[in-house]
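# Overview (structure and organization)
One letter stands for each residue in the lines below.
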Amino acid sequence: MSQGRKQLLDFAPLVLFFIANWKAGIYFATGVFMAASLLVLAYTYVTTGKVAKIPLATAIIVAVFGGLTLYLHDDTFIKVKVTLINAIFAAVLLGGVAFKRNFIRDVMGEAVTLPDAAWRTLSLRWGFFFAALALLNEYVWRSFSTDQWVTFKVFGLMGLTFVFALANAPFMAKHMPDEGNTPPQNPSADG
């Protein structure tokens, strides 16, 4: 699957959530979000023959917290889901660093080659970024209207994530090996 199609599929449930909230409110939007997340997961499985771990975990959390939102008719659950997902990502990445495991490399390693120290730095950066998003989401959903929170969730969080990824691109480029030049295997042997 092309990277563009993958990103479109990742973003589609959020856009549908925003539109459904605008047209019919948070509870209808939650149902649409749940259905769209499951449809994207099913489509990805049918077209690729596999299910990625992060979208699967996210879909399960969406189903649980969306289900609680609809069953209890309390939008707090769908709002807290965003905090929980970001807190889990932060804990996994930062915990991975503490236990000398680069989970971010496990996700991106096929597409990007970096030295271990650069993967560690990226894990720390993204871990702290996800922790900040969790805290920011808590502030926004508690301080603003549901419609304002939905706009923040769809466009604010996505925009912040995009800007943060772009801000890390120079760091990654700096640490990627040159295509044509492979570094010597034993630099001390050069004398």
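A few points on the structure. (Residues numbered from 1 in each chain as written. Predicted model: local features only at pLDDT ≥ 70, side-chain atom pairs only at ≥ 80, totals over all residues. Heavy atoms only, no water.)

## Digging into the overall build of the chain
When helices and strands are tallied, the chain shows seven helices and zero strands. Traced from its N-terminal end to its C-terminal end, the chain shows the element sequence α-α-α-α-α-α-α. Over its C-alpha atoms, taken along the principal directions, the chain stretches across nearly 70 × 40 × 25 Å. Out of the 191 residues belonging to the chain, those deemed buried represent 32%. Taking as baseline every contact in the chain between residues at least 6 positions apart, the subset at least 24 positions apart corresponds to 68%. Surface summary for the chain: the accessible area is close to 11,700 Å², and the carbon and sulfur share equals 67%. Charged side chains in the chain number 15 positive and 11 negative. The centres of these two groups are separated by 3 Å. (Helix = DSSP H or I, 4+ residues; strand = E, 2+ residues; numbered from the N terminus. Buried < 20%, exposed > 50% of the residue type's maximum accessible area, 1.4 Å probe, protein only. Contact = heavy atoms within 4.5 Å. Areas by Shrake-Rupley, 256 points an atom, 1.4 Å probe, with all protein chains shown as cover. Lys, Arg positive; Asp, Glu negative; His and termini not counted. Charge placed at Lys NZ, Arg CZ, Asp CG, Glu CD.)

## Let's talk about unusual backbone geometry
Positive phi, normally seen in glycine, also occurs at His 73, with a value near 50 degrees. Mapped onto the secondary structure, His 73 falls in the loop between α3 (53-72) and α4 (76-98). Residue His 73 is classed as exposed on the basis of its relative accessible area, which comes to 53%.

## A closer look at the pattern of salt bridges
Two side chains with opposite charge may pair up if their charged atoms get near one another. Considering all chains together, one arrives at three salt bridges under this definition. Of the charged contacts in the structure, one is a salt bridge between Glu 138 and Arg 142, with a shortest N-O distance of 2.8 Å. Taken together, the residues span about one helical turn, with Glu 138 and Arg 142 both in helix α6 (residues 116-143) at a distance of four residues. (Salt bridge = Lys/Arg side-chain N within 4 Å of Asp/Glu carboxyl O.)

## Quick word on the packing of helix α2 (residues 26-48) against α3
Between α2 and α3, the shortest axis-to-axis distance is 9 Å and the interhelical angle comes to 155 degrees. Comparing the axis directions of α2 and α3 gives the class roughly antiparallel. Classified by chirality, the crossing of α3 by α2 is left-handed. Of the residues in α3, those touching α2 at Tyr 27, Thr 30, Gly 31, Phe 33, Met 34, Ser 37 and Leu 41 are Pro 55, Leu 56, Ala 59, Val 62, Ala 63, Gly 66, Gly 67, Thr 69 and Leu 70. (Axes fitted to C-alpha atoms, helices over the stretch in contact; angles between N-to-C directions. Parallel < 35°, antiparallel > 145°, perpendicular 65-115°, else oblique. Left-handed = near helix turned anticlockwise from the far one by under 90°.)

## What to know about the packing of aromatic side chains
For the coordinates displayed, the defined rule picks out 10 aromatic pairs. For the ring pair Trp 126 and Phe 130, a centre distance of 5.6 Å and an interplane angle of 40 degrees mean the geometry is tilted. With a gap of four residues between them, Trp 126 and Phe 130 both fall in helix α6, about one helical turn apart. A single burial state applies to Trp 126 and to Phe 130, both of which are buried. Put simply, the rings of Phe 89, Trp 126, Phe 129, Phe 130 and Phe 164 pair up and form one aromatic cluster. The ring of Phe 171 carries the charged tip of Arg 125 above its face, separated from the ring centre by 4.3 Å. (Phe/Tyr/Trp six-rings, centres within 6.5 Å; stacked < 30°, edge-to-face > 60°. Lys NZ or Arg CZ within 6 Å of the ring centre and 35° of its normal.)

## Considering the environment of Leu 9
Mapped onto the fold, Leu 9 is located in helix α1 (residues 3-24). Separated by 32 residues in sequence, Leu 9 and Leu 41 place their C-alpha atoms 9.0 Å apart.

Everything listed here is a matter of geometry and, on its own, says nothing about what the molecule does.
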